[in-house]
Every structure is written in structure tokens, then in C-alpha cells.
Amino acid sequence: MITTRFAPSPTGYLHIGGLRTSLFSWLWARKNEGQFLLRIEDTDLARNSEEAVEAILKAFDWVGMSYDGEAIFQSKRFNLYKKYIEQLLEEGKAYKCYMTKDELTALREEQMAKGERTRYDGRYRDFTGTPPEGVEPVIRIKAPQEGMISFNDGVKGEINIAATEVDDFVIARAGGVPTYNFVVAIDDAQMGLTDVIRGDDHLYNTPKQIVVYEALGFKIPNFYHVAMINNEKGKKLSKRDGATDVMEYKTLGYLPEALLNFLVRLGWSHGDQEIFSVEEMIELFDPKDINKSSSNYNLDKLLWLNAHYIKNKPHDELAELLVDFGVDIRENDKRDLILNATKERGKTLVELASQINLILNAPTEYNAKNFKKAFKEDTPEILNTFMKLLKEADLNEVADYHKVMEAVVEQKEIGFGKIGMPLRVSLLGSMTGSGLDEIMAILGVDETIKRINKAIEFINV
RNA sequence: GGCCCCUUCGUCUAGCGGUUAGGAUCCAUGGUUUUCAUCCAUGUUACAGGAGUUCGAGUCUCCUAGGGGUCACCA
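An account of the accompanying structure is given in this report.

Rules used throughout
Residues numbered from 1 in each chain as written. Chains lettered and ligands numbered in written order. Predicted model: local features only at pLDDT ≥ 70, side-chain atom pairs only at ≥ 80, totals over all residues. Heavy atoms only, no water. Core = buried A, V, L, I, M, F, W, Y, C linked by side-chain atoms within 4.5 Å. Buried < 20%, exposed > 50% of the residue type's maximum accessible area, 1.4 Å probe, protein only. Helix = DSSP H or I, 4+ residues; strand = E, 2+ residues; numbered from the N terminus. Domains from an automatic or database assignment. Contact = heavy atoms within 4.5 Å. Expected span 1.5 Å × (residues − 1). Pairing = 2+ DSSP bridges. Axes fitted to C-alpha atoms, helices over the stretch in contact; angles between N-to-C directions. Arc of directions from axis to C-beta. 1 Å grid on protein atoms, 1.4 Å probe; cavity = no way out; pocket = protein on both sides within 12 Å on 5 of 7 lines; lining within 4 Å. Points joined across faces, edges and corners; volume = space filled by probe spheres on them. Nonpolar A, V, L, I, M, F, W, Y, C, P; charged D, E, K, R; others polar. Phe/Tyr/Trp six-rings, centres within 6.5 Å; stacked < 30°, edge-to-face > 60°. Lys NZ or Arg CZ within 6 Å of the ring centre and 35° of its normal.

## Comments concerning the nonpolar core
Stage number 1. By size, the foremost hydrophobic cluster in this structure holds 96 residues, and its most contacted members are L19, Y249, L259, F386, L423 and L427.
Stage number 2. In terms of residue count, the dominant contributor to this core is helix α18 (residues 436–460) (10 residues).
Stage number 3. The two domains that each donate at least three residues to this core are domain 1 (77–226) and domain 2 (362–460).
Stage number 4. Excluding anything up to four places from it in sequence, F386 contacts V404, M405, V408, I419, L423, M440 and I452.
Stage number 5. In terms of nonpolar packing, the next biggest core, distinct from the first, is built from 33 residues, L37, Y81, Y84 and A185 among them.

## Section: helix α16 (residues 398–412)
Stage number 1. Helix length check: α16, at 15 residues, gives a terminal C-alpha distance of 22 Å against a target of 21 Å (1.5 Å per residue), a fit within 8%.
Stage number 2. All buried positions along α16 are accounted for by D400, Y401, V404, M405, V408 and V409.
Stage number 3. On its buried face, α16 is in contact with α15 (379–392), α17 (416–428) and α18.
Stage number 4. Directly after α16, the chain includes E413, whose backbone phi takes a positive value near 55°.

## Comments concerning the sheet that holds strand β2 (residues 35–40)
Stage number 1. Taken in spatial order, the three strands of this open sheet run β1-β2-β3, and their pairing is parallel. This sheet does not close on itself; its edge strands, each paired only once, are β1 (3–6) and β3 (72–73).
Stage number 2. As paired elements, β2 and β3 share two bridges and run parallel to each other. Within β3, the residue paired with R39 across the bridge is I72.
Stage number 3. Along the sheet face, helix α1 (residues 16–31) touches β1 and β2 and points at about 160° away from the line of β1.

## Overview of the environment of G444
Stage number 1. Tracing the backbone shows G444 in helix α18.
Stage number 2. Residue G444 is classed as buried on the basis of its relative accessible area of 13%.
Stage number 3. G444 sits 43 residues away from Y401 along the chain, and the two C-alpha atoms are 9.8 Å apart.

## What about helix α13 (residues 349–360)?
Stage number 1. For α13, which comprises 12 residues, the first-to-last C-alpha distance of 16 Å matches the rise-based estimate of 16 Å (1.5 Å per residue) to within 8%.
Stage number 2. Turning to α13, its buried residues number three or more, namely L349, L352, A353, Q355, I356 and I359. Down the axis, α13 shows its buried residues gathered within 160° of arc, on one side only.
Stage number 3. Taken together, the buried residues of α13 touch α10 (299–311), α11 (315–322), α12 (335–342), α17 and α18.

## Re the layout of surface pockets
Stage number 1. Computed from the structure, the largest pocket encloses a volume of approximately 1,200 Å³.
Stage number 2. Taken together, 38 residues make up the lining of the largest pocket; nearest its centre are S9, H15, G18, D201 and H202.
Stage number 3. Sorting the residues of the lining of the largest pocket by element identifies β1, α1 and β9 (195–199) as the ones contributing at least two each.
Stage number 4. In terms of residues, the lining of the largest pocket owes the most to one element, α1, which gives four residues.
Stage number 5. A class-by-class count of the residues in the lining of the largest pocket yields 14 nonpolar, 14 polar and 10 charged.
Stage number 6. Considering the residues around the second largest pocket, the lining is formed by 25 residues, among which L104, R108, V138, R140 and V170 are closest to the centre.
Stage number 7. For the lining of the second largest pocket, the secondary structure elements donating two or more residues are α4 (101–113), β5 (138–141) and α6 (205–216).

## Quick look at the pairing of strand β7 (residues 157–162)
Stage number 1. Bridge count for strand β6 (residues 148–153) against β7 is six bridges, and the pairing is antiparallel. Among the inter-strand pairings, I149 is bridged to a residue of β7, identified as I161.
Stage number 2. The loop that links β6 with its antiparallel partner β7 comprises three residues.

## Details of the packing of aromatic side chains
How two aromatic rings sit relative to each other is given by the distance of their centres and the angle of their planes.
Stage number 1. Going through the model one piece at a time under the given rule, you end up with 17 aromatic pairs.
Stage number 2. Judged by centre distance (5.5 Å) and plane angle (40°), the ring pair of W268 and F285 falls under tilted. With W268 in the loop between α8 (256–264) and α9 (278–284) and F285 in the loop between α9 and β12 (295–296), this pair connects stretches of sequence that are 17 residues apart.
Stage number 3. Ring centres of F371 and F375 lie 4.2 Å apart, and the angle between their planes is 10°; this geometry places the pair in the stacked category. Accessibility assignment for this pair places F371 and F375 in one class, buried.
Stage number 4. Members of the aromatic cluster, connected to one another through ring pairs, are F24, W268, F276 and F285.
Stage number 5. One cation-aromatic arrangement involves K76 over F73; the distance from NZ or CZ to the ring centre is 4.7 Å.
Stage number 6. In this structure, R140 is placed above the aromatic ring of Y120, and the distance from its NZ or CZ to the ring centre is 3.6 Å.

## Description of the environment of L89
Stage number 1. Along the chain, L89 turns up in helix α3 (residues 78–90).
Stage number 2. Residue L89 is classed as partly exposed on the basis of its relative accessible area of 27%.
Stage number 3. Residues L89 and F78, 11 residues apart in the sequence, show an inter-C-alpha distance of 16 Å.
Stage number 4. When neighbours within four sequence positions are excluded, L89 is seen to be in contact with A94, Y95, K96 and I139.

Spelled out as C-alpha cells, the structure:
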């Protein structure tokens, strides 16, 4: 049985990097028919908010990731942590430290000045005297003072860190509130985690947590530290690099399946495969295939994937999604015609919506340059002929509209461009866009003629 | 600064001692298309540098450089 987890601290929205590590954890649990748990790390801090919890859950919901059981809130488990603190104190594995913050700062400055690593010097480790007055102590854990703390990381391999690098760190603050590395170890153990997949910014927390595991006699899980995602320049991803909030991708018109596909391939691969459905991800994912090196964030591929998923999305789902982007064609009897004519031209739902609007809404103005390029002296004459033939034609499908265009070309002995360009400008006000026959089939004869007449009128003004 | 991790086309990556170093994206060109897009084809571009080990190194070892992470009574 594999149990994984995602353990965000609710200080803001769900970050793209957080989504990737949770995706990995989720996939691994689902693949093994195990458990994927959610734990909210809200051990106080004025920074935590309920809105942030909501935001994270909302993002999970959007991408379709679900966790098992109830979400666990650390803030509700203080009694548990307290119990273990007392246990360690009793067993002599932890101790009270009466060093003040000022003293600690002074010690650090001294060490810094000497060019040493800043660390607690263990002065209260074996203290038995009378504690100084007026100082509320913190609790520190006794970390090993020599040897190595080693673990086998599922991504990075064997990691060895000298015990001297890990000092007797604080497990409970002066107010009694436990600290991060302490509660994480307890929760991961108590929740039965077998595999901890997280960002490699936690790599250095691992030896500390191992100290806790060992002090409490807990079984140490497998760790997988996934390298960070950097921006295109290889620097740390920040808000200035564009969207980092998962929900922003929804607003930008990305499909969740595209985003997941994009993220799963960032730092993980399965041979040459690029397109993965969620089912395939679950089937093929294995943390042993996670890359050691960090990867750079580049939207090109996401855009390509998004276009791919839009092209392959069922029309009823697409129509539903488009509502949020100001286009409601759910009840439109030309729905399929509209989507077929436009979906290959929109890399995002935003672009797709604007393509559709371009057809659905008659042009209110014509670009002068386009107009001049498309409309020549004989254009009105050609368009009039076209309209005449159009009215007479038997129009049942897209191809029939094309036949009318062909007829004009033949009759007038002109090139296709002679009719195509002015027609396009008349109908869309644009020089590019969907196929003319498709557009006309969507608009119908009346609207088509109306738009052409309007354009002809415009040339005479 | 100490410690730890990382380094293959611009980007995402395959490779697990013997390959013309592969795929994808991007870009360019050509084809298809009335246009644009799609689609198809073709092309440019990479083993950070230096020593070793080996018959043979992108793959193993060491050094250098560069990048990242971390050093809290934050999480």
C-alpha cells in the first residue's frame, strides 16, 4: 500500500510548482491504488488564511485531482504534538533551552564573523543548574553530534549529511507551539505515509525530520525530492514570470488536461511520449523516472498541448467551457459547424471565443488597409453576381457554398482571390480566418447577403 | 561563506560503456488550403570545460566553472 500526500501551507494560491509535486504524489498513489492525503500546514503563523485553503481546494477541483478522506489541519492536532514533546522531554531526548533571542543573535553574529556555519552551540543540552529568571524556554531536540545522517532519496540517490550540520533545533517555541520540522515528521508518520514526494527545497529538512523519526521510533518513509521549476532564464520562478497561480490558467483559457500534461512532462518522462491522458499518466508514472535536474518553465509547449486538447475536445464540453469566455453556443443549432470552423484556430479558449465572435458578430468597421487590398474596381460587380447566384442556389451543406464561389470564378473568369478576399473582408472585416464556405454556412444566406451589401455600401461612401 | 544537489539542441527531454546522439516544442523552408490556422514533409541547433579509467565515455572517477537549494522560536 502506497500512501502519499500534499501538504501545503495556506498562505496563498496554489502555485504551479505545488501542483506538479502534488500531481506526482497523486499519480503515484492512484497508480498503486493507494491513498493520496491532504494536510494543511497551518501551524499558526499570522500568514495563514481560510481563503487560501479554499483557493487550494478549488484548484484541485479544477484539475480534477481528488484526495482521500478528510483534509487534515495541523492546527487541530496540537495536543498530539504536545504529547510527543512531553514524551521526548521525559526520555531525555529533548530539553529546555533558556537562551534568549538576543543571545542567539549574538552567537550567530559571532559565528558569522569567524566565517563559521551558524548553529546553536548546545549550551543547554546537558544543563542541570537553575534556569535564568524571566526566560520562557524553547524545547530543543537532541540531534546526533557525530557521524552521518543518511537516506536514500528516490530521485537524487544516496544523500549523506554530516550530523554536525544538523544542530539541536527547536521543536517547540517559547509559547509551546511546535515547529514545522517536528510536526511534519509526526504527521507523516501518523498518517502512514510511505512515500513523501516534495520539492527539493525540503532536502535539507529531511535530516532534521529523520532526527525526529528516530527519536520517536517511527518508521522512515521513502523520500523523493523533485527539483525546482525555474523561469526561462533558469532563475527562480516568480510572479513576474507570468502566471504562477494555477487558477490563472483557467482564466487564460487553458484546459486542465493540457496543464497537467505539460506539468507531468516537466521533470518526468516516459520515453518519447509527449501526450498523456490522465489515465495514461496514472498507468505510466513512476517516481524513478523523475529527473534530477531542475527544469525551465516555457509556455510554448503548454500552448501547443492546449491547442491539441481543444482540437480533440467533444463539442458539448467545449460549448460548456466557452460560456465562461462570453460565448454561449450551447443551444445554437449550428454549434458543430461553428466549432469545426474555429477550433483549429484557437490555441486557448480565449482565442477560440474571439474566433467565434468574429463570425457571430457582423463587422462594425473595416480596416482601411484590408479594404483597399481586397476591394478593386470590379469587386462590387463580382459580389453582386455572387449574391445573385447564392439566392438561386440550393444550399444544404458547407460544400454548396463553395460551389457558388466556384461558379462565380468560372462565370467571371477570375481567380479565386478576386472573390475570396472581398468576401472575407465583407463577412469578417478581417483578411484571415475560417473557411468562407464554413462561415457562410453558419451565417446563412440572409446574413451573408446583408454583410456583403453593407460592405458594398461602405465602398461607395 | 559552509554544506547539499544539478549540468545533452533556445526550451522540455531520450540515452543507462560501442547510436550517423533520438523525439517534442520553437524557428525556417516547402506542400496542402481562396486567406489564416490545422495537417504533412524537410532543415538548422546539444553532450559546460579539463584530466583520468577503458580497446572504446554523453554514460564511470576526479578537478574546474556555472546554476540551484539550504543554513529561523517561517513553512
